[in-house]
Amino acid sequence: MNIVIDAFGGDNAPLEVIKGSIKAHNDFGVGITLVGDENKIKECAQSNSLDISQLKIKHADSVIEICDDPRQILKEKKDCSMAVGMKMLADGEGDAFVSAGSTGAIVCGALFIVKSLDKKLVKRPALATVLPTAGKPTMLLDSGANLDCKPETLVQFGVMGSAYMQKIMNVDKPRVALANIGAEESKGRDLDKAAYKLLETAPVNFVGNIEARQLPLGDCDVCVADGFSGNLMLKLYEGMGIFFSNELKGIFKKNVKTKLAAAMVMKNIKDFKKKVDYSEYGGAPLLGTAKPVIKAHGSSDAKAFYNAIRQAKLFTETKVIDTMTQALSQIKQEQAE
């Protein structure tokens, strides 16, 4: 197995990418190809005393920046590290692709370079983010790839998310819910009402509508939303996580008594921090592409890249894409009948 890594995607590239890749190669036994400026990769490794002799390097002349138009990955910057890496994946030179670069460019490249799973089955790929909850982690999709969606597209998201949670997160019969402003079937826009009807007959464990406040409580395993609503939910989720973390620090550092209290519950605090740490999950899979694509967080460190590679390995080994294809084909066949 060969995992292709965009060595220059993200705020901490290429150093943290290299560090995470070395550890992942050693622990998982997977082949890893770093894509980017070969001289800069070697210089970075040498100056930080990192042995990259077991990793392969694929040279790429440029980098697509966050401020660039995502469509440049197809023409003006088709020689960038992200585009070259995706081309390797499409051509069979890799089994999965990982990048912490521009979300827009990743979605554009995945759609037009890697290609969709099957245009007859999946209209648009969805960015699927795994969120910590009071129970097991919940997958939110779409979390930003598609601002406007059709009811059929939301159903496809539910099917793909269910397959992923079952295969990767080992959730038996994942509970699929539709994000809405109320639990009643009659709530929401025309989009939500139509999607609700379709999800009722889809090959998933559909549990109805879910309000945003229920998401942190773990009331579903897969939360389906259009990209606009999903991204709003995700950003609020992240912001509240930072807020609670800062408030907790302030409480425990207030005086000597609170510092002593913190020392007594330090193990619990560390367990909680680990649970809400995005780097533990690695990244967000882009579901609906012909081959596994993982979008790592822009500020990913070595630990996050390590876990993103672990996620890519599992994505490939468990053949999630085959499971999604079978379920979506079932829907297509039933509609034809």
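The present account deals with the structure reproduced in this document. Everything quoted here is computed from the prediction, not taken from an experiment. (Residues numbered from 1 in each chain as written. Predicted model: local features only at pLDDT ≥ 70, side-chain atom pairs only at ≥ 80, totals over all residues. Heavy atoms only, no water.)

Quick look at the overall build of the chain
Next up, step 1: Check the secondary structure of the chain and you find 11 helices and 12 strands.
Next up, step 2: Taking 337 residues into account, the globule formula puts the C-alpha radius of gyration at 20 Å, and the chain, at 21 Å, falls close to it.
Next up, step 3: Across its three principal directions, the C-alpha atoms of the chain cover 60 × 60 × 35 Å.
Next up, step 4: The buried share of the chain, reckoned over its 337 residues, is 50%.
Next up, step 5: Counted over contacts in the chain with a minimum sequence separation of 6, partners at least 24 positions apart contribute 70%. (Helix = DSSP H or I, 4+ residues; strand = E, 2+ residues; numbered from the N terminus. Rg over C-alpha atoms; globule rule 2.2 N^0.38 Å. Buried < 20%, exposed > 50% of the residue type's maximum accessible area, 1.4 Å probe, protein only. Contact = heavy atoms within 4.5 Å.)

Observations regarding the sheet that holds strand S4 (residues 96–99)
Next up, step 1: On the basis of which strands lie adjacent, the open sheet formed by seven strands has the order S3-S2-S1-S4-S12-S11-S5 and mixed pairing. Each having just a single partner strand, strand S3 (56–59) and strand S5 (126–127) make up the two edges of the open sheet.
Next up, step 2: Pairing geometry for strand S1 (residues 2–6) and strand S2 (residues 31–36), over five bridges, is parallel. Directly across from Asn 2, in S2, lies its bridge partner Gly 31. (Pairing = 2+ DSSP bridges.)

Some points on helix H3 (residues 81–90)
Next up, step 1: Buried residues dominate H3, accounting for eight of its 10 residues.
Next up, step 2: Note on H3: the residue one or two positions beyond its end, Gly 92, has a positive phi of about 85°.

Comments concerning the packing of H3 against helix H4 (residues 103–114)
Next up, step 1: Contact geometry for H3 and H4: axes closest at 10 Å, N-to-C directions at 35°. Regarding H3 and H4, the two cross each other, and that crossing is right-handed. Taking contact as the criterion, the partners of Met 82, Ala 83, Met 86, Lys 87, Leu 89 and Ala 90 in H3 are, on H4, Ala 105, Ile 106, Gly 109, Ala 110, Ile 113 and Val 114.
Next up, step 2: Its residues assigned to classes, the contact of H3 with H4 shows 10 nonpolar, one polar and one charged. (Axes fitted to C-alpha atoms, helices over the stretch in contact; angles between N-to-C directions. Left-handed = near helix turned anticlockwise from the far one by under 90°. Nonpolar A, V, L, I, M, F, W, Y, C, P; charged D, E, K, R; others polar.)

Notes on the sheet that holds strand S9 (residues 205–210)
Whether parallel or antiparallel, the strands of a sheet pair through hydrogen bonds between backbone atoms.
Next up, step 1: Strand order in the open sheet formed by five strands is S6-S7-S10-S8-S9, and the pairing between neighbours is mixed. Of all the strands in the sheet, just strand S6 (129–131) and S9 have a single pairing partner and so form its edges. Looking at each pair of strands side by side, their axes are set apart by 30° on average, direction ignored.
Next up, step 2: Of the strand pairs in this sheet, strand S8 (residues 175–179) and strand S10 (residues 222–224) are connected by three bridges, and their pairing is parallel.

Description of the environment of Ile 52
Next up, step 1: Residue position: Ile 52 is located in the loop between helix H2 (38–47) and S3.
Next up, step 2: The exposure class assigned to Ile 52 is buried, which follows from its relative accessible area of 14%.
Next up, step 3: Separated by 241 residues in sequence, Ile 52 and Val 293 place their C-alpha atoms 23 Å apart.
Next up, step 4: Contact partners of Ile 52, with chain neighbours within four places excluded, come to Ile 18, Ile 22, Ile 41, Lys 42, Ala 45 and Ile 57.

Notes on the packing of aromatic side chains
Next up, step 1: Scanning all chains against the criterion turns up four aromatic pairs.
Next up, step 2: Centroid distance Tyr 164 to Phe 315: 5.5 Å. Interplanar angle 75°. Geometry classified as edge-to-face. Separated by 151 residues along the polypeptide, Tyr 164 in helix H5 (residues 151–167) and Phe 315 in helix H10 (residues 302–317) bring together distant segments of the chain. Both residues of the pair, Tyr 164 and Phe 315, belong to the buried class.
Next up, step 3: Seen in terms of ring centroids, Phe 243 and Phe 244 are 5.4 Å apart; in terms of plane orientation they differ by 55°. Their pairing is tilted.
Next up, step 4: Lys 23 extends its terminal NZ or CZ atom over the ring of Tyr 306, reaching a point 5.0 Å from the ring centre. (Phe/Tyr/Trp six-rings, centres within 6.5 Å; stacked < 30°, edge-to-face > 60°. Lys NZ or Arg CZ within 6 Å of the ring centre and 35° of its normal.)

Some words on the pattern of salt bridges
Next up, step 1: Counted under the stated rule, the structure contains 12 salt bridges.
Next up, step 2: Residue Asp 91 is joined to Lys 87 by a salt bridge in which the shortest nitrogen-to-oxygen separation is 2.7 Å.
Next up, step 3: Its salt-bridge partner being Arg 175, residue Asp 221 comes within 3.0 Å of it at the nearest N-O pair. In this pair, Asp 221 sits in the loop between S9 and S10 while Arg 175 sits in strand S8, placing the two residues 46 residues apart along the sequence.
Next up, step 4: Connected via shared salt-bridge partners are Arg 189, Asp 192 and Asp 226. (Salt bridge = Lys/Arg side-chain N within 4 Å of Asp/Glu carboxyl O.)

Remarks on the side chain of Gln 156
Next up, step 1: By the element assignment, Gln 156 lies in helix H5.
Next up, step 2: In this view, Gln 156 contacts Leu 121, Val 122, Lys 123 and Leu 328; residues no more than four positions away in its chain are not counted.

Overview of the pairing of S2
Next up, step 1: Of all six residues in S2, five are buried, a share of seventy percent or more.
Next up, step 2: The β-α-β motif built from S1, the intervening helix H1 (residues 15–28) and the parallel element S2 has right-handed crossover chirality.
Next up, step 3: Bridge analysis of S2 against S3 gives four bridges, and the strand direction is parallel. Among the inter-strand pairings, Val 35 is bridged to a residue of S3, identified as Lys 58.
Next up, step 4: With H2 bridging S2 and its parallel neighbour S3, the resulting β-α-β unit is right-handed. (Right-handed = clockwise from strand over helix to strand, strands pointing away.)

Read these as spatial facts, not as claims about activity.
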